[in-house]
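Topology and contacts: notes
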Amino acid sequence: MSKRIKEVLIIDDDPISSKLVNRFLPTDEFHAVEVSCISEAVEYLLENTPHIIFLDIMLPEMSGLEFQQECKDLIPKESILIMLSSRTEKKVIHKAMQNGAADYIIKPATRNTVMTAVKKHLKGQSVFSKDFLPNEMLDCTMTVQAELKALGETDLLIHSPIKFESEEKIRITGKVLSDIGFSEDQFIVNSKYLNKVSSAKYTGVTFRGASNKVIKNIRGMIIRWNKLFD
Amino acid sequence: MKKIQLVDDGPIIRKLLKKTLEKSNYEVMDNSTTKEFLENFSEFEPDLCLIDINIDDIGDGLVLIKAIRNKIGNTLPIIVISSHEDTRDINLALNAGANDYICKPVDSMILLAKVASFLNGVNESSLPIFNLPSGSDNTIYISQDLQIKTINEYGVEFICPDYIYQNTYINISGYILKLLGLDRDDIRLKVISTEINKETDQIISYAQFQEDDEELLNKVRDYIVNS
């Protein structure tokens with residue numbers, strides 16, 4: 001099963017109501033499990049962390065509201081809890097929301113009410129996430145592909161998906177550069193060509209510390225290119 | 001008139017450099033030793049220094065560069081001139097605080113272009129650039145450091161030094177692979193959004209994992225659920 005599919009737990013003693021909610025959820029996005037009582041729900045939650053839980057209020061062993069309070073630790077923090085009930089009293093709705101429900105749908109549920117609530121709370125975001133504190137953020141390196149557009153004896157012109165700051169030191173590699181004899185830490189961004197090119201994706205880069213061998217190689221290349229154009 | 005102070009122990013090259021620079025309307029003070037350079041430095045107040053790294057009276061050029069940096073900070077441009085062509089030597093000088101490095105024999109056109117770019121602003125240096133012929137291998141790779149602040153089932157949110165355009169494919173390597181227990185060099189993601197946090201001035205991007213990378217998606221989910 002693709003991990004893009006979201007798991008849903010439906011806790012409702014009315015099988016028709018459960019089936020209905022289940023049918024509203026597109027199968028290519030959601031995988032729903034229906035349980036008819038709290039003890040089955042507890043069993044499921046001990047093993048699984050669903051993205052969304054639909055919870056009825058009037059249930060045989062224990063009400064949905066009691067379940068919210070008494071099994072607080074069992075309901076995963078990451079899960080979105082949506083109440084599903086025919087009870088319309090403000091007091092009940094208020095209590096359910098106070099106990100941690102994200103939404104409250106009044107029965108009979110329609111495709112519209114179910115999907116609106118689901119989309120509102122998922123918002124394309126993942127339910128499972130981990131934030132790192134400022135001092136534990138993961139130091140990593142990213143690499144993007146770019147293009148070398150032009151070359152001279154002191155500068156390069158590159159086309160890249162990154163918008164650089166002027167005077168910034170950047171690391172560039174690539175066969176065309178290593179063939180010339182460059183090392184990756186020789187490059188400084190300049191603003192020379194900013195007014196001359198039409199796209200912000202073009203960046204002028206000055207290289208520093210080029211050996212005479214490198215400069216000779218660049219000259220050789222430029223002469224060869226000019227011959228190509230003749 | 002902009003002032004350039006140069007130090008080189010070879011009398012011929014010193015004369016040559018002085019003449020080349022003076023022809024381009026710079027005022028030049030030339031010294032043959034580090035000692036002489038330092039004695040004249042404060043009074044001459046150069047706008048740029050040209051230092052031969054191989055001078056060896058009271059220490060080498062590297063020591064002189066460090067001394068200048070300690071004394072007046074990073075604003076004064078320093079260009080090193082050296083007969084060493086080795087990448088290691090070049091990096092040594094750049095890391096000591098030099099802004100650029102020119103190898104001997106000095107090409108006067110490049111010297112003047114570099115001097116002009118430091119003294120008159122980068123827009124003034126005017127050596128031409130040439131387009132790569134179409135069809136040639138022009139692929140290059142740019143690497144940047146980043147910090148991942150959030151990881152979720154579908155991607156990561158990270159702080160990066162520069163603005164990355166939407167829909168850019170990036171490869172991330174480093175600690176995240178170890179954390180997730182992945183035995184490979186990098187993971188591939190697509191940048192979905194980049195925003196600038198106005199309070200902290202940080203650039204924050206959100207990038208998504210590849211949908212068909214089942215191994216990665218499984219490892220990410222295991223990690224988040226178990227952490």
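Residues numbered from 1 in each chain as written. Chains lettered and ligands numbered in written order. Predicted model: local features only at pLDDT ≥ 70, side-chain atom pairs only at ≥ 80, totals over all residues. Heavy atoms only, no water.

**Considering the pattern of salt bridges**
Summed over all chains, the structure comprises 21 salt bridges over all chains. In this structure, D8 of chain B and K104 of chain B form a salt bridge, with 3.2 Å as the shortest nitrogen-oxygen distance. Pair noted here: D8 of chain B is in the loop between β1 (3-7) and α1 (11-23) and K104 of chain B is in the loop between β5 (100-103) and α5 (108-119), with a separation of 96 residues, a long-range link. The class of D8 of chain B is buried, set by a relative accessible area of 1%. Close ionic contact of K104 of chain B with D52 of chain B constitutes a salt bridge, the shortest N to O distance being 3.4 Å. You can see K104 of chain B sitting in the loop between β5 and α5 and its partner D52 of chain B sitting in strand β3 (residues 48-52), a full 52 residues away along the chain. With relative accessibility at 1%, the residue D52 of chain B sits in the buried group. The network of salt bridges with shared partners includes E7 of chain A together with E153 and R221 of chain B. (Salt bridge = Lys/Arg side-chain N within 4 Å of Asp/Glu carboxyl O. Helix = DSSP H or I, 4+ residues; strand = E, 2+ residues; numbered from the N terminus. Buried < 20%, exposed > 50% of the residue type's maximum accessible area, 1.4 Å probe, protein only.)

**Some remarks on helix α4 (residues 87-96) of chain B**
Residue and element names in this part refer to chain B. Taken as a whole, α4 has its buried residues at D89, I90, N91, A93, L94 and A96. On the buried face of α4, the contacting elements are α3 (61-72), β4 (78-82) and β5. Directly beyond the C-terminal end of α4, a positive phi value near 125° is found at G97. (Contact = heavy atoms within 4.5 Å.)

**What about the packing of aromatic side chains?**
What describes a pair of aromatic rings is the distance from one ring centre to the other and the angle between the planes of the rings. Across all of its chains, the model carries four aromatic pairs over all chains by this definition. On the numbers, 4.7 Å between centres and 65° between planes, the contact of F182 of chain A with F207 of chain A is edge-to-face. Taken as a pair, F182 of chain A in the loop between α6 (175-180) and β11 (187-190) and F207 of chain A in strand β12 (residues 202-207) lie far apart in primary sequence, 25 residues in all. The pair formed by F182 of chain A and F207 of chain A is uniform in burial state, with each residue classed as buried. On the numbers, 5.7 Å between centres and 75° between planes, the contact of Y163 of chain B with Y165 of chain B is edge-to-face. Aromatic ring contacts, followed pair by pair, group F182, F187 and F207 of chain A into a single cluster. Stacked on the ring of Y165 of chain B, the Lys or Arg K201 of chain A has its end atom at 4.9 Å from the ring centre. Sitting over the face of the ring of F44 of chain B, K3 of chain B holds its NZ or CZ atom 5.2 Å from the ring centroid. (Phe/Tyr/Trp six-rings, centres within 6.5 Å; stacked < 30°, edge-to-face > 60°. Lys NZ or Arg CZ within 6 Å of the ring centre and 35° of its normal.)

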